[in-house]
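Residue strings, one per chain:
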Amino acid sequence: PQESSAGETADGEEWFSFDYGNAHFVFLNATVFNFRVIAGAEREWLEQDLRASKARWKVVLMHCPPFHSSVAHYVEQRQRRLAPLLEACGVDLVFSGHVHNYQRSKPLRFQPFPGTPRGASSSAYVNGAFRLDEAFDGAKSTRPAGVIYIVAGGGGTTLNRTPIKDNLDDLPDQGRDNFAPYNAVTFATDNSFALLETNGPRLTLRALDANGREVDRCSLDKN
């Protein structure tokens, strides 16, 4: 891989990017312990880095997922405030871990609302307006209108199997403007890992379980 840019904040948070083949990868140090909404010099670096890339595919990686459908770690949503920037800069995929299973969202666009949702016990909740691409299926319809968010946290330890959709009464305002049916695939019955393959104008995402069985596949096409 060829490193294209790197930086470090005063308090030790790192971020860096590199090109590999026809894909550009950006890594953000965004753990639950030190993540804050990226602003100032960090946000400027992220936007400049993404806009400067001429790679066909743009992939961002961070620890905590902005969008997922598990009860475990659901409240940790501050990363959602990056969604408009990622969309504007042409990001195709966002990979995260932290939640112990595999999830793939529908292509989505999200406009966050300011402030903390009414009735929320934590400022980590981020409400907003969702737009979901329901037509994309990764097989016949392969040009997504939005960013696809991947949770690739099924590699080990105890899996998180409880879905948040069965627990909306526990969310502020029963999840209004906070949860949407944005997941296309969830796999939490076995350990798993994700694999990316690119071939010219096509990118293919696959998820395999511990026995090598394919549990998800979707392709994206781009000129």
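Look up a bit, the structure's there.
Our subject in this report is the structure included herewith. (Residues numbered from 1 in each chain as written. Predicted model: local features only at pLDDT ≥ 70, side-chain atom pairs only at ≥ 80, totals over all residues. Heavy atoms only, no water.)

**Things to note about the pattern of salt bridges**
This structure, assessed with the given rule, holds 11 salt bridges. The shortest N-O distance in the salt bridge between D216 and R104 comes to 2.8 Å. Residue D216 is found in strand β13 (residues 214-221), and its partner R104 is found in strand β6 (residues 102-105); the two are separated by 112 residues along the sequence. Side by side, D216 and R104 carry an identical accessibility label, which is buried. Through salt bridges with shared partners, one network takes in E197, R206, E214 and R217. (Salt bridge = Lys/Arg side-chain N within 4 Å of Asp/Glu carboxyl O. Helix = DSSP H or I, 4+ residues; strand = E, 2+ residues; numbered from the N terminus. Buried < 20%, exposed > 50% of the residue type's maximum accessible area, 1.4 Å probe, protein only.)

**Remarks on the environment of D166**
Following the sequence through the fold, D166 ends up in the loop between β9 (148-152) and β10 (183-187). Of the residues examined, D166 reaches a relative accessible area of 54% and is grouped as exposed. Placed 95 residues apart in sequence, D166 and V71 show a C-alpha to C-alpha distance of 9.0 Å.

**Concerning the nonpolar core**
Nonpolar side chains tend to gather and get buried jointly when the protein is soluble and globular. Residues L28 and V60 are the most contacted members of the largest nonpolar core, which totals 29 residues. For this core, the secondary structure elements donating two or more residues are β3 (23-28), α1 (40-52), α2 (83-88) and β7 (108-112). Contacts of V60, omitting those with residues within four sequence positions, involve V26, L28, L50, L86, V91, L93, V94 and F95. Grouped together as the second largest cluster of nonpolar side chains are 18 residues, I148, I150, F187 and A207 included. (Core = buried A, V, L, I, M, F, W, Y, C linked by side-chain atoms within 4.5 Å. Contact = heavy atoms within 4.5 Å.)

**As for unusual backbone geometry**
The phi torsion at H98 lies on the positive side, around 70°, for a residue other than glycine. Along the chain, H98 turns up in the loop between β5 (93-96) and β6. What makes H98 buried here is its relative accessible area of 13%. If you check the backbone angles, D177 has positive phi at about 65° while not being a glycine. Turning to its location among the elements, D177 is positioned in the loop between β9 and β10.

**A few points about the packing of aromatic side chains**
Within the structure shown, the criterion is met by 12 aromatic pairs. Pairing F16 with F18 gives two aromatic rings, centres 6.5 Å apart and planes at 20°, and the pair type is stacked. With relative accessibility at 34%, the residue F16 sits in the partly exposed group. When the centroid spacing of 5.4 Å and the interplanar angle of 55° are considered together, the rings of F179 and Y182 count as tilted. (Phe/Tyr/Trp six-rings, centres within 6.5 Å; stacked < 30°, edge-to-face > 60°.)

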